[in-house]
Amino acid sequence: MGFTCGIVGLPNVGKSTLFNAITAAGAEAANYPFCTIDPNVGVVTVPDPRIDRLVAIYKPSKIVPTAIEFLDIAGLVKGASKGEGLGNQFLSHIRNVDAIAHVVRCFDDPNVVHVDGSVNPKRDIEVIETELILKDLDTVEKKIADAEKRSRSGDKKIKLESEFYGRVQQHLLGGRLARYIAVQNDDEKFWFLDLHLLSSKPVMYVCNVHEKEITSENEYVKQVREVAARESAKVAVISAAVEAEVSELHDDERAHFLEGLGLNESGLNQVIREGYDLLHLITFFTAGPKEVHAWTAQKGSTAPEAAGIIHTDFEKGFIRAEIMKFTDLDRLGSEAAVKENGLLDVEGREYVVEDGDVVFFRFNV
């Protein structure tokens, strides 16, 4: 699995239309069928032309692309932190995602009523951020109460823990997102991660524009980019209506349709690409006649850490990694040709796996 992405947004911003479109598009993938875990969860294949090339070279019996799990998180309205809408149900879902795709309405349409009466991206973003912060305050207050009870034992570390939670509380009370809290040592990092704060999640803003404005930047999109620039967040500009049309087309028709609109890629591809960049993820491959498999890893992962993604035994018994660069394999056309040209590298425990590496792990358990 690549990562889990929660799609959030106010009512009538195009959130569910987008979710339905991108998961329907995923259903077209031949080797990784769309699956519905429940009515609000869908798994879609990460499009990657490198897999097609590896399949052509190795002709494997099995193909396993990496995938992303999308959650359409419903029920977010003003007051969600206090139980309005689906309230706590929404908030419990968002705890489990790796990243948030915050869909922001960036189009005018008198036939689609805005929940607050007008289109205002900055205000809409603040509404959702406020709900996340308010719920995080509830979480922190409970932790403070628990730590204060435990501190009666006189344990100095518990006192430091309680003081840290107090610092987090003051940060949130200032209306600031949890992801901007500075942790000062390993203990604070552990306590912070253990809180599972909603406003600590990495965010990408998905600007939903009218299909006629898909290739231009309207004023609403510019507002979102201003917010994203302050937060170092990613921005994807899509039209949920266009994505709905794209999802109904066959693979060979999609490229032609998108080209007619002046687009190089679908909104789904854009969201996935920005999501990988947001979370600092890469893709490496294992390949052979039995299977071509794409794997997702954090940038900076060492060879043993990447091996552990496949199986914990691979990491425990790691001996070495035999590395081919996809570009070399693509250019030369076979594993044998890569080896003949001296381009297969044998790497040890310190090697940092790169995006596009085709890896064979040697291990002993």
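Residues numbered from 1 in each chain as written. Predicted model: local features only at pLDDT ≥ 70, side-chain atom pairs only at ≥ 80, totals over all residues. Heavy atoms only, no water.

### Side note on the pairing of strand E10 (residues 291-298)
For E10, the tally of buried residues reaches six of eight residues, placing the bulk of the element in the interior. Of the strand pairs in this sheet, strand E4 (residues 62-64) and E10 are connected by three bridges, and their pairing is parallel. Across the sheet, the residue bridging to Lys-62 is Glu-291, located in E10. One ladder, built from seven bridges, connects strand E9 (residues 281-287) with E10; its direction is antiparallel. Considered in E10, the bridge of Thr-286 is made with His-293. (Buried < 20%, exposed > 50% of the residue type's maximum accessible area, 1.4 Å probe, protein only. Helix = DSSP H or I, 4+ residues; strand = E, 2+ residues; numbered from the N terminus. Pairing = 2+ DSSP bridges.)

### Some details on the packing of helix H8 (residues 240-247) against helix H9 (residues 251-260)
Viewed as axis vectors pointing N to C, H8 and H9 meet at an angle of 150 degrees, and their least axial separation amounts to 10 Å. Judged by the angle between their axes, H8 and H9 are roughly antiparallel. Residues Val-242, Glu-245, Val-246 and Ser-247 of H8 touch H9, and the partners they reach there are Arg-254, Phe-257 and Leu-258. Of the residues assigned to the contact of H8 with H9, the class counts are four nonpolar, one polar and two charged. (Axes fitted to C-alpha atoms, helices over the stretch in contact; angles between N-to-C directions. Parallel < 35°, antiparallel > 145°, perpendicular 65-115°, else oblique. Contact = heavy atoms within 4.5 Å. Nonpolar A, V, L, I, M, F, W, Y, C, P; charged D, E, K, R; others polar.)

### What about the confidence of the model for the protein chain?
Caution is warranted with low-pLDDT regions, since their predicted coordinates should not be read in detail. Per-chain confidence: the protein chain averages 87 in pLDDT, with 90% of residues scoring 70 or above. Contacts of residues 26-37 to residues separated by more than four positions or lying in other chains number 27 contacts, the stretch itself having pLDDT below 50. (pLDDT = per-residue confidence, 0-100.)

### A closer look at unusual backbone geometry
Of note in this structure, Lys-59 is not a glycine but carries a positive phi near 50 degrees. With respect to the helices and strands, Lys-59 occurs in the loop between helix H2 (49-58) and E4. Phi at His-196 takes a positive value of approximately 50 degrees, unusual for a residue other than glycine. In this structure, His-196 sits in the loop between helix H6 (186-195) and strand E7 (203-208).

### A look at the pattern of salt bridges
Scanning the model with the defined rule gives 25 salt bridges in all. For Arg-53, the salt bridge is made with Asp-330, and the minimal N-O distance between the two is 2.7 Å. Of the two residues, Arg-53 sits in helix H2 while Asp-330 sits in helix H13 (residues 326-332), which places them 277 residues apart along the sequence. Looking at Asp-330, the relative accessible area reads 33%, which means it is partly exposed. Residue Lys-222 pairs with Glu-219 through a salt bridge whose shortest N-O separation is 3.4 Å. Here Lys-222 and its partner Glu-219 are both found in helix H7 (residues 219-231), three residues apart, which amounts to about one turn of the helix. Here the salt bridges share partners, and the residues they tie into one network are Asp-48, Arg-50 and Asp-355. (Salt bridge = Lys/Arg side-chain N within 4 Å of Asp/Glu carboxyl O.)

### Let's talk about the nonpolar core
Counting residues in hydrophobic clusters, the biggest one holds 59 residues, and the most contacted among them are Ile-68, Phe-70, Ile-94, Cys-106, Tyr-205 and Val-206. Setting aside anything within four residues of it in sequence, one finds Ile-94 in contact with Val-8, Ile-73, Ile-100, Leu-132, Leu-198 and Lys-201. With 16 residues, the next largest nonpolar core counts Leu-137, Leu-177, Trp-191 and Leu-197 among its residues. (Core = buried A, V, L, I, M, F, W, Y, C linked by side-chain atoms within 4.5 Å.)

### Observations regarding the environment of Phe-192
The topology assignment puts Phe-192 in helix H6. Those residues within four positions of Phe-192 in sequence are excluded, and the remaining contacts are Phe-164, Ala-178, Ile-181, Val-183, Leu-197 and Ser-200.

### Thoughts on the side chain of Ser-162
Mapping Ser-162 onto the fold places it in helix H5 (residues 156-173). Those residues in contact with Ser-162 that lie beyond four places of it in its chain are Ala-147 and Glu-148.

### Topic: the environment of Ile-309
Within the fold, Ile-309 resides in helix H11 (residues 303-310). For the pair formed by Ile-309 and Thr-296, sequence separation is 13 residues and the distance between their alpha carbons is 8.2 Å. Beyond its immediate chain neighbours, meaning those up to four positions away, Ile-309 contacts Phe-284, Trp-295, Thr-296 and Ala-297.

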